[in-house]
Amino acid sequence: MSNCIEITNFTKKYDLFTAVDDITLSVTKGSIFGLLGPNGAGKTTTIKAMTGRLRLTAGEISILGLDVTKDIKKIHQQIGVVSESQNLYEHLSVFENIDFFRQLYNIEKNKTDQIIKTLSLEHKRDNRVSGLSKGLKQRVLLARSILHSPKLLFLDEPTSGLDPSSAKEVLEFIHKIKELGTSVFLTTHNMEEADLLCDKIAFINKGSIVAVGTPKTLKDQFGNSDVEVTYRENGHEKTEIHSLEEKSIFHKISEIHQAHQILSIHSREATMNDVFLNIVEHSKEQQ
Amino acid sequence: MRSYILSTIIKRDLKETYRNPQTLIILGITIGINVFMSLLFGKALWVMTFSMSLVMVGFTITSFMITEEKDKLTLDALLVSPASYQEILFGKLFLTFSITLSVTFSLIFSLHHEEVSVLHTLLSVPLGALVICLFGVVVGLICQTQAMLSGIGTILMLALFLPELLASANVYLGYFARALPTHHVIQLASLGKEGFSPLILKHYGVLVLSLTATIFWVSSFIKTAISQESHKWKFDRRNKVTSFILLMTLVFSSVVFLPLKGQVLQTSGNSYSYQNTQYKLSIPFLPKKFELKEFSFQNKYVVKFHLIDRPADYIYISMQKNNKGISSKENYEERLLKVRKEDAINLNLSRSIGANEVVLDRFEYETQKGKYLYYIFSTKDFLYKIGIEASNVEGESYSYLREYLQKYIQQMTL
Ligand SMILES: Nc1ncnc2c1ncn2[C@@H]1O[C@H](COP(=O)(O)OP(=O)(O)OP(=O)(O)O)[C@@H](O)[C@H]1O
Ligand SMILES: [Mg+2]
């Protein structure tokens, strides 16, 4: 089997409210998969369902070839989860937090210090978690989640609330994990990050998958690549933006060039942000 | 259940207990108040020591530890680890049960070893503590946040803890108190000298019955908790059925211990007497003049004859089993000590020989609150105190009651 996650027609209703509506997704082993979408779209709900924290209203989910409704405890032995909230034991030290889980996984004792070293937490080893910064807490959470060398890692907004340098460390860590052969399923609100990191991205909006693809295909499909021309007209600076898709674009630029003094021409590549906005706006229009 | 998982959870929870300020406060209050009362009054109420250590420690810490994991969302992390929900709860229960036993035994045996039966304390406390810790499990499961627990939990804690202490002040609280396991633990510990009499076995029976009903009750809530996913607790049919069964069991344990009431019997023509067969007592009674009220609390049974036109003034009889074989002399000396502490004035002591050659010691005195007269005596089986309390120092009811009591104390039969 080359897929570590297979979601088939999964629906989740909370009473009458449909949080996730009939989604089908698959994630290739060894890849980083990003689930993106606006607040309340159903990302966390999907992760919870995949990690056995919710009952499925309809559909099937298979993780590492095992059915979540039947073999959840077997699945738990092989996955790592970092949830949205920084749920550490505040009264325990960094070491105690990680070592508690090491004992639950029943793995060798030196693994705790090894993982503390991997995440460069040695200097905080014996500090209580309650005094750590958000970025450090996130590193402890990551350490806890990869302790038992899981085959698949779920990260729900792993960089939210972190400063750029802490976020960068987390991203580098995720890259490293992937290199070691672990598959990663993550959600994020940072589009740039998703673009850099993910092999494949799915957009979810109001519980439905609205687009799936590699960052490149999504940008090609939903992004806009423009040319931004700045020129001087009667002493004032003016800017015009033209999509690269316009057929007459070069003709227009040469018209400007003849009449005015061009100050600059920039090309603007499509970004994941555009993709996100286009998709969300698009689905609003459809409503 | 895997032992390495349980021991891991227990060790972690133990660290939480002695590092979390909230659990430390609960333990500190329980131990502190009892030790403080002992230093202050020479002796804390042993009933209070039992109720506080069982309820404050057993109930409050158990529910706190469970809700804490949900409130801080650490439960989410545990539930995607190899540990199962049952193992997590069992580990917590084991720890809080052990802490409850340690606290109760150390307080009782260090402060009250003279008053309790060692055997029955050792046997009944674990039963009662387990029931109360299990109550804590359910409340911990239902409350999703510490804010919710501090509301619901505090009310329930008081409901488990106060009736036993206040049962002497109100008949209905007595019914409530007898439904709860703490009451039976206290009874067993105090009835100690009786060995394994039918009454003792009845108390054990009720404790075991409550424990069984509670185990079913808790299992239904654990099953619901495992299948529930959202944060708000929804009671399902299972919960409702087992709650009803538990409630009926508690009502039953109260009803089977209804105190044996005395009876007012017409002895001849228009003379009546109050008779209590359990305490082998019979005393003349005027139904038109008095209103009868009976209480049982802790190990005492009290009857009050209130004057109908002046309910604050009354004659009372307090009866108690003489488990420790207290003699008339000891009984007298203990009373005397208490009276001296009350700043009594016009203290008048005398001794007479009542029916069946029983030594009657008579105490009469006044305090700022009112006038008091009572006779105390002990027999091989029972300790009795018969007296008057009249609030209005100037009033006539005191002299009326006094005459009534004096006249009839000679006719009283035991
Ligand atoms: N336990 C619950 N009961 C009822 N509704 C819920 C519950 N959990 C989530 N929802 C609703 O389901 C929808 C999806 O929530 P979810 O947490 O999956 O969104 P999300 O994509 O993770 O959002 P965010 O980016 O804000 O984390 C939301 O509208 C939310 O209000
Ligand atoms: Mg979310």
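Within an unreviewed UniProt entry, the label attached to chain B reads ABC-2 type transporter transmembrane domain-containing protein, and the organism entered is Halobacteriovorax marinus. The UniProt entry for chain B carries the following comment under Subcellular location (unreviewed entry): "Membrane".

The name that an unreviewed UniProt entry assigns to chain A is ABC transporter domain-containing protein, with the source organism given as Halobacteriovorax marinus.

1. Some words on the overall build of chain A
For chain A, the count of helices and strands is 10 helices and 13 strands. Looking at chain A as a whole, 48% of its 287 residues qualify as buried. The long-range fraction of contacts in chain A, counting pairs at least 24 apart against all pairs at least 6 apart in sequence, stands at 66%. Total accessible area on chain A stands at roughly 14100 Å², and carbon and sulfur atoms take up 48% of it. Taken as two groups, the 35 positive and 38 negative side-chain charges of chain A have centres that lie 8 Å from each other.

2. Overview of the domain arrangement of chain B
Considered domain by domain, chain B is made up of domain 1 (3-255) and domain 2 (263-411). Computed from C-alpha atoms alone, the centre-to-centre distance between domain 1 of chain B and domain 2 of chain B is 38 Å.

3. Let's talk about the domain arrangement of chain A
Partitioning chain A into domains gives domain 1 (3-220) and domain 2 (225-269). Between the C-alpha centres of domain 1 of chain A and domain 2 of chain A the distance comes to 44 Å.

4. Points about the sheet that holds strand S1 (residues 263-268) of chain B
Residues and elements named next belong to chain B. Pairing is antiparallel in the open sheet, where 3 strands are placed in the order S1-S2-S3. Only two strands of the sheet have a single neighbouring strand rather than two, namely S1 and strand S3 (281-285). Along the sheet, successive strands turn relative to each other by an average axial angle of 35 degrees, direction set aside. Bridge count between strand S2 (residues 271-276) and S3: 5 bridges; the pairing is antiparallel. When the sheet's bridge partners are listed, Tyr 272 is paired in S3 with Phe 285.

5. Regarding the packing of aromatic side chains
All told, the structure shown has 23 aromatic pairs over all chains when counted by the stated rule. Considering the side-chain rings of Phe 105 of chain B and Phe 109 of chain B, the 5.8 Å spacing of their centres and the 15 degrees angle between planes classify their relative orientation as stacked. Separated by 4 residues within a single helix, Phe 105 of chain B and Phe 109 of chain B lie in helix H5 (residues 85-111), roughly one turn from each other. For the ring pair Phe 363 of chain B and Tyr 374 of chain B, a centre distance of 5.0 Å and an interplane angle of 20 degrees mean the geometry is stacked. Of this pair, Phe 363 of chain B sits in strand S8 (residues 359-366) while Tyr 374 of chain B sits in strand S9 (residues 371-378), placing them 11 residues apart in sequence. Ring pairs connect the aromatic residues Phe 135, Trp 217, Phe 221, Trp 233 and Phe 235 of chain B, which therefore count as one cluster. The positively charged end of Arg 144 of chain A is found above the aromatic ring belonging to Phe 101 of chain A, 4.6 Å away from the centroid. Directly above the aromatic system of Phe 257 of chain B lies the positively charged group of Lys 202 of chain B, at a separation of 4.8 Å from the ring centroid.

6. Points about the nonpolar core
Within the largest apolar cluster, 125 residues are counted, with the highest numbers of intra-cluster contacts made by Phe 101, Ile 174 and Phe 203 of chain A together with Phe 50 and Leu 141 of chain B. The biggest single contributor to this core is helix H3 (residues 46-71) of chain B, with 14 residues. Apart from residues lying up to four places away in sequence, Phe 50 of chain B is in contact with Thr 104, Ile 108, Val 116, Thr 121, Val 125, Thr 182, Val 185, Ile 186 and Ala 189 of chain B.

7. Considering the interface of chain A and chain B
Between chain A and chain B, the contact holds 26 residues from the first and 28 residues from the second. The contact between chain A and chain B buries some 2600 Å² in all, and 57% of this surface belongs to carbon and sulfur atoms. At the surface where chain A touches chain B, the tally comes to 3 salt bridges. Residue Arg 19 of chain B pairs with Glu 96 of chain A through a salt bridge whose shortest N-O separation is 2.8 Å. Looking at the side of chain A that touches chain B, the elements that each hand over two or more residues are helix H2 (72-78) and helix H3 (94-105) of chain A. For the side of chain A that touches chain B, the element with the most residues is H3 of chain A, which contributes 6 residues. A per-class count over the side of chain A that touches chain B returns 9 nonpolar, 9 polar and 8 charged.

8. Thoughts on the pattern of salt bridges
Here the structure, examined in full by the defined rule, presents 28 salt bridges over all chains. Ionic pairing is found between Lys 15 of chain B and Glu 96 of chain A, a salt bridge with its closest N-O pair at 3.6 Å. You can see Lys 15 of chain B sitting in helix H1 (residues 3-19) and its partner Glu 96 of chain A sitting in helix H3, one on each of two chains. Its relative accessible area of 25% is what places Lys 15 of chain B among the partly exposed residues. For Lys 92 of chain B, the salt bridge goes to Glu 69 of chain B, with nearest N and O atoms at 2.8 Å. With a gap of 23 residues between them, Lys 92 of chain B in helix H5 and Glu 69 of chain B in helix H3 connect regions that are remote in the sequence. Accessibility classification places Lys 92 of chain B together with Glu 69 of chain B in one group, the buried group. Residues joined in a network through salt bridges with shared partners are Arg 12, Asp 13, Glu 16, Glu 69 and Lys 92 of chain B.

9. Side note on the sheet that holds strand S12 (residues 236-243) of chain A
All names here are of chain A. With respect to topology, 3 strands assemble into an open sheet ordered S12-S11-S13, the strand pairing being antiparallel. At either end of the open sheet lies a strand with only one pairing partner, and these are S12 and strand S13 (261-268). Between one strand and the next, the sheet's axes are offset by a mean angle of 20 degrees, whatever the strand orientation. One ladder, built from 7 bridges, connects strand S11 (residues 226-233) with S13; its direction is antiparallel. Considered in S13, the bridge of Tyr 231 is made with Ile 262.

10. What to know about the pairing of strand S6 (residues 310-321) of chain B
Residue and element names in this part refer to chain B. Both strand S5 (residues 300-307) and S6 contribute to a ladder of 8 bridges, which runs antiparallel. Paired with Phe 305 across the strands is Ile 315, a residue of S6. Turn length for the S5-S6 hairpin, with the two strands adjacent in sequence and antiparallel, is 2 residues. Alignment of S6 against strand S10 (residues 382-390), held across 8 bridges, turns out to be antiparallel. From the neighbouring strand, Gln 320 faces S10, where its bridge partner is Leu 383.

11. Some remarks on the site of ligand 1
All names here are of chain A. If you check the shell around ligand 1, you find 15 residues, and the closest are Gly 40, Lys 43, Thr 44, Thr 45 and Glu 84. One nitrogen or oxygen atom from the main chain of Gly 40 is found 2.8 Å from an oxygen atom belonging to ligand 1. His 189 places a polar side-chain atom, nitrogen or oxygen, 2.8 Å from an oxygen atom of ligand 1. In the complex, 67% of the free accessible area of ligand 1, which totals 640 Å², lies under the protein chains. Elements with a minimum of two residues in the shell around ligand 1: strand S2 (17-28) and helix H1 (43-50). Broken down by element, the shell around ligand 1 gets its largest block of residues, 3 residues, from H1.

Quick notes on the rules
- Residues numbered from 1 in each chain as written.
- Chains lettered and ligands numbered in written order.
- Predicted model: local features only at pLDDT ≥ 70, side-chain atom pairs only at ≥ 80, totals over all residues.
- Heavy atoms only, no water.
- UniProt positions renumbered as here; feature names shortened; annotations may be inferred.
- Helix = DSSP H or I, 4+ residues; strand = E, 2+ residues; numbered from the N terminus.
- Buried < 20%, exposed > 50% of the residue type's maximum accessible area, 1.4 Å probe, protein only.
- Contact = heavy atoms within 4.5 Å.
- Areas by Shrake-Rupley, 256 points an atom, 1.4 Å probe, with all protein chains shown as cover.
- Lys, Arg positive; Asp, Glu negative; His and termini not counted.
- Charge placed at Lys NZ, Arg CZ, Asp CG, Glu CD.
- Domains from an automatic or database assignment.
- Pairing = 2+ DSSP bridges.
- Axes fitted to C-alpha atoms, helices over the stretch in contact; angles between N-to-C directions.
- Phe/Tyr/Trp six-rings, centres within 6.5 Å; stacked < 30°, edge-to-face > 60°.
- Lys NZ or Arg CZ within 6 Å of the ring centre and 35° of its normal.
- Core = buried A, V, L, I, M, F, W, Y, C linked by side-chain atoms within 4.5 Å.
- Buried area = accessible area lost by both parts, 1.4 Å probe.
- Salt bridge = Lys/Arg side-chain N within 4 Å of Asp/Glu carboxyl O.
- Nonpolar A, V, L, I, M, F, W, Y, C, P; charged D, E, K, R; others polar.
- Near = heavy atom within 4 Å.
- Polar contact = N/O pair within 3.5 Å; in protein donor to acceptor, adjacent residues only side chain to side chain.

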